[in-house]
Amino acid sequence: MKDTKGKLYKWQRECLEEWEEHGFRGIVEAVTGSGKTRLALAAVERLRAEFPELQVRVIVPTIALANQWLLALTHSAASASDRPALVGGGRHADPDRNVLVYVVNSARELLKKDIRRSFALGKHVLLICDECHHYQSRENRKIFGFLDGEPGLEKGQKEAPEETRSFYTCMGLSATPFETLHDDVLIRNLGPKIYSYKLREAVADEVISKYVIFETAVDFLPSEAEAYRIASLEVSLMYARMLGAYPSLERLVGTPAFLRAVAAEASKADMDPDNPAAAWLLATYSRKEISVLAEARIRCAYDLIERLRPDDRILLFCERIEQAESLYGLLSRRWGSQVSIYHSGMDGAARTRVLHSFKEGDVRIMVSCRCLDEGVDVPDANIGIVISGTSVRRQRIQRLGRVVRSFRGKDMAALYYMYIPESSDESMYLPESENAEILTEKEDRQIALLRYYTDEKEFSNEVYEYAALQLLDEYEKKGMSKEVLAEIRRCLIEGIARADYLLDEETLISKVENSRSMHERNYWRVMKQMNAKKK
């Protein structure tokens, strides 16, 4: 492997030291975009210096992520023998290759045999499990079967022989490794968490971009509001019926165990709609669909993009393919070839072309579904728009991670999270603990509150508007002409849904100096004054 020492961040150097102290084993929790792949490449280099015949095995959840690893490993290969090959997607490379990248679906069956072969030949193995939180399920945990021969790896398993463990080194990588009931699977097979690198630290170290989250309230259309009201009545009726049928559930209300217990009862009945637990779950799903697929979300996204800068690189996150395709059709009619779509219903070649077009700048607006949540490197994006949110914290962090990656010329990232106050949507994008951290570090990242009025097609930002009124009042008292005041109002309206006024003073001065037109210069001057007002 080529030398990477001079390219490592401080956190990566510290993490490698911890990894070595833990016997070259352990799990690394690091925010998306902070350089987990570079860390792993440095780990390979460190071990190869000690074990020249080291065999590297990388496990990834998707073909898209496998291709990114193949590229990174190819660039870091010092010799032809270190060039990687793929196992997955119908391809099974020579198991004696020094470097192999496995897609987990193939690794379940093949990795155990391949690594056992390496152990038999007396070769050390470094197993890198990227997005390791995927490998806790009963099927995926089979990838660790080489440690004792038992694919299930349940508690109480027979420990691997000493000669096997002495050849085995590993590193788990994830932004959110421990959030399930089966975290022990990772700890038993990859080791403990040895390092944690969070959003707050990465922003402070300038490893990722400063960012702002716009929590954007959106109103239902009248017909949607009525449908949601009726669905909520059905949910309430089914809830009462369920508690009557299963009194033991009442003591679990408000705890994580409640939904698990309900799901268990519904599963026993094979989700029969006549079963009270199944009926309540089906009613809640139906109500959620009304909110997730609300037309108001599509209208808000369209009007928001109209108000963003024409050079913004935008990722839109949907929960359903039908919603993504509807939004794509609307946006492409307005912005033509600048818009693309990316979802699991497309074949691999088409998805690859879309990503390439976005990275090359031929496309600047990409509509996606959950398949873009993780494992896809899109560093040039500076705007994320979450059309319909997920309640899964991991996915929320990963979506933010898609837009906070640093690249040259990126001033700040902004993520717009849409929620409908009249629904069961959460109003805050990140958990309360994360929000508390964000609010205490105002210069690094902030929360801004937007409101979209569907009928008027207008946005409101109370904090911004209060500062804007103060600014206009000051100019009026100075006796500015109607023409000047009109230009200031135009600039203020232009910036109401943007993050420009949150940029630091130095960046704003640079924007003024590098403006290409009088209006652009005026706009950035007004944003600079708005920035001073917020302080």
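The structure reproduced in this document is the subject of the present report. Bear in mind that the values here come from a model prediction, so they are computed numbers and not experimental data.

**Side note on the environment of Ile-509**
Within the secondary structure, Ile-509 sits in helix α18 (residues 505-513). Look at Ile-509 and you get partly exposed, because its relative accessible area is 33%.

**Side note on the sheet that holds strand β7 (residues 168-174)**
Strand order in the open sheet formed by eight strands is β4-β3-β5-β2-β6-β7-β1-β8, and the pairing between neighbours is mixed. Looking along the sheet, the strands with just one partner apiece sit at the ends: β4 (91-92) and β8 (193-197). Across five bridges, the pairing between strand β2 (residues 55-60) and strand β5 (residues 99-103) is parallel. By the bridge assignment, Arg-57 is partnered in β5 with Leu-100. Sheet contacts for helix α1 (residues 10-21): β1 (27-30), β6 (125-130), β7 and β8; angle to β8, the most-contacted strand, approximately 170°. Packed onto the sheet, helix α6 (residues 183-190) meets β1, β6 and β7 and runs at close to 145° relative to β7.

**Considering the pattern of salt bridges**
Overall, the coordinates contain 29 salt bridges when judged by the stated rule. Note that Arg-451 and Asp-219 form a salt bridge whose closest N and O atoms lie 2.2 Å from each other. You can see Arg-451 sitting in strand β15 (residues 445-453) and its partner Asp-219 sitting in the loop between β9 (211-218) and α8 (222-245), a full 232 residues away along the chain. A relative accessible area of 26% places Arg-451 in the partly exposed class. Linking Arg-334 and Glu-306 is a salt bridge whose minimum nitrogen-to-oxygen distance equals 3.1 Å. Placement of Arg-334 in helix α12 (residues 321-335) and of Glu-306 in helix α11 (residues 295-307) is noted, with a sequence separation of 28 residues between them. Judged by relative accessible area, Arg-334 falls into the partly exposed class, the value being 40%. A cluster of three or more residues bridged by salt bridges with shared partners is formed by Arg-309, Asp-311, Asp-312, Glu-494, Arg-498 and Asp-500.

**Concerning the nonpolar core**
In this structure, Val-28, Trp-69, Leu-316, Leu-331, Ile-385 and Leu-400 are the most contacted members of the largest nonpolar core, which totals 128 residues. Leaving out residues up to four positions away in the same chain, Leu-400 has contacts with Leu-199, Tyr-211, Ile-213, Leu-415, Tyr-429 and Leu-430. Counting 27 residues, the second-largest nonpolar core is a separate cluster that includes Ala-85, Ala-107, Phe-146 and Tyr-168.

**Section: the pairing of strand β12 (residues 365-368)**
Residue alternation in β12 divides its side chains into two sets, Ile-365 and Val-367 and Met-366 and Ser-368, and both sets are buried. Across four bridges, strand β11 (residues 339-342) lies against β12 in parallel orientation. Directly across from Val-339, in β12, lies its bridge partner Ile-365.

**Digging into the packing of helix α16 (residues 462-477) against helix α19 (residues 518-534)**
With their axes 10 Å apart at the nearest point, α16 and α19 run at an angle of 110° to one another. It follows from the interaxial angle that α16 and α19 lie roughly perpendicular. As α16 packs across α19, the resulting crossing turns out to be right-handed. In this structure, α16 contributes Tyr-464, Ala-467, Ala-468, Gln-470, Leu-471, Glu-474 and Tyr-475 to the contact, and α19 contributes Val-526, Met-527, Gln-529, Met-530 and Lys-533. When its residues are assigned to classes, the contact of α16 with α19 shows eight nonpolar, two polar and two charged.

**A word on a nonpolar patch on the surface**
A grouping of Met-271, Leu-282 and Tyr-285 is seen on the molecular surface, where their side chains present a nonpolar patch of about 250 Å² in accessible area. As for its placement among the helices and strands, Met-271 is situated in the loop between α9 (256-268) and α10 (276-292).

**Structural notes on α1**
The first and last C-alpha atoms of α1 sit 17 Å apart over twelve residues, in line with the 16 Å expected at 1.5 Å per residue. Here α1 has its buried residues at Trp-11, Gln-12, Cys-15, Leu-16 and Trp-19. Projected onto a plane normal to the axis of α1, the buried residues spread over an arc of 135° and lie on a single side. Across from the buried face of α1, at angles greater than 90 degrees, the exposed residues are Lys-10, Glu-17 and Glu-21. In the segment just after α1, Gly-23 is the residue with positive phi, at about 75°.

**Describing unusual backbone geometry**
With a phi close to 50°, Glu-131 is a non-glycine residue in the positive phi region. Note on placement: Glu-131 falls in the loop between β6 and α5 (162-167). Here Glu-131 falls in the buried class, since its relative accessible area comes to 9%. Here Asp-270, not a glycine, exhibits a phi torsion of approximately 55°, which is positive. Relative to the helices and strands, Asp-270 resides in the loop between α9 and α10. We classify Asp-270 as exposed; its relative accessible area is 68%.

**Details of the side chain of Thr-454**
With respect to the helices and strands, Thr-454 occurs in the loop between β15 and β16 (458-460). Exposure remark for Thr-454: the relative accessible area of 5% places this residue in the buried category. Among residues more than four places away in sequence, those in contact with Thr-454 are Val-218, Asp-219, Leu-221, Ala-296 and Arg-299.

**A short note on the packing of aromatic side chains**
Across all of its chains, the model carries 17 aromatic pairs by this definition. Residues Trp-19 and Phe-24 carry aromatic rings whose centres are separated by 5.2 Å and whose planes lie at 75° to one another, so their mutual orientation is edge-to-face. Phe-24 shares its class with Trp-19; the two are buried. Plain terms: the ring middles of Tyr-239 and Trp-280 are 5.9 Å apart, the flat faces sit at 50° to each other, and that makes the pair tilted. Taken together, the residues Tyr-239 in helix α8 and Trp-280 in helix α10 connect sequence positions 41 residues apart. In textbook terms, an aromatic cluster arises when at least three aromatic residues are bridged by ring pairs, as seen for Phe-119, Phe-146, Phe-167 and Tyr-168. Cation over ring: Arg-313 sits above Phe-358, and NZ or CZ is 4.4 Å from the ring centre. We note Lys-478 situated over the ring of Tyr-475; from NZ or CZ to the ring centre the distance is 5.3 Å.

So, how was this worked out
Residues numbered from 1 in each chain as written. Predicted model: local features only at pLDDT ≥ 70, side-chain atom pairs only at ≥ 80, totals over all residues. Heavy atoms only, no water. Helix = DSSP H or I, 4+ residues; strand = E, 2+ residues; numbered from the N terminus. Buried < 20%, exposed > 50% of the residue type's maximum accessible area, 1.4 Å probe, protein only. Pairing = 2+ DSSP bridges. Contact = heavy atoms within 4.5 Å. Axes fitted to C-alpha atoms, helices over the stretch in contact; angles between N-to-C directions. Salt bridge = Lys/Arg side-chain N within 4 Å of Asp/Glu carboxyl O. Core = buried A, V, L, I, M, F, W, Y, C linked by side-chain atoms within 4.5 Å. Parallel < 35°, antiparallel > 145°, perpendicular 65-115°, else oblique. Left-handed = near helix turned anticlockwise from the far one by under 90°. Nonpolar A, V, L, I, M, F, W, Y, C, P; charged D, E, K, R; others polar. Patch = residues over 30% accessible without salt bridge, like charges linked within 9 Å, V, L, I, M, F, W, Y side chains within 5 Å. Areas by Shrake-Rupley, 256 points an atom, 1.4 Å probe, with all protein chains shown as cover. Expected span 1.5 Å × (residues − 1). Arc of directions from axis to C-beta. Phe/Tyr/Trp six-rings, centres within 6.5 Å; stacked < 30°, edge-to-face > 60°. Lys NZ or Arg CZ within 6 Å of the ring centre and 35° of its normal.

Read these as spatial facts, not as claims about activity.
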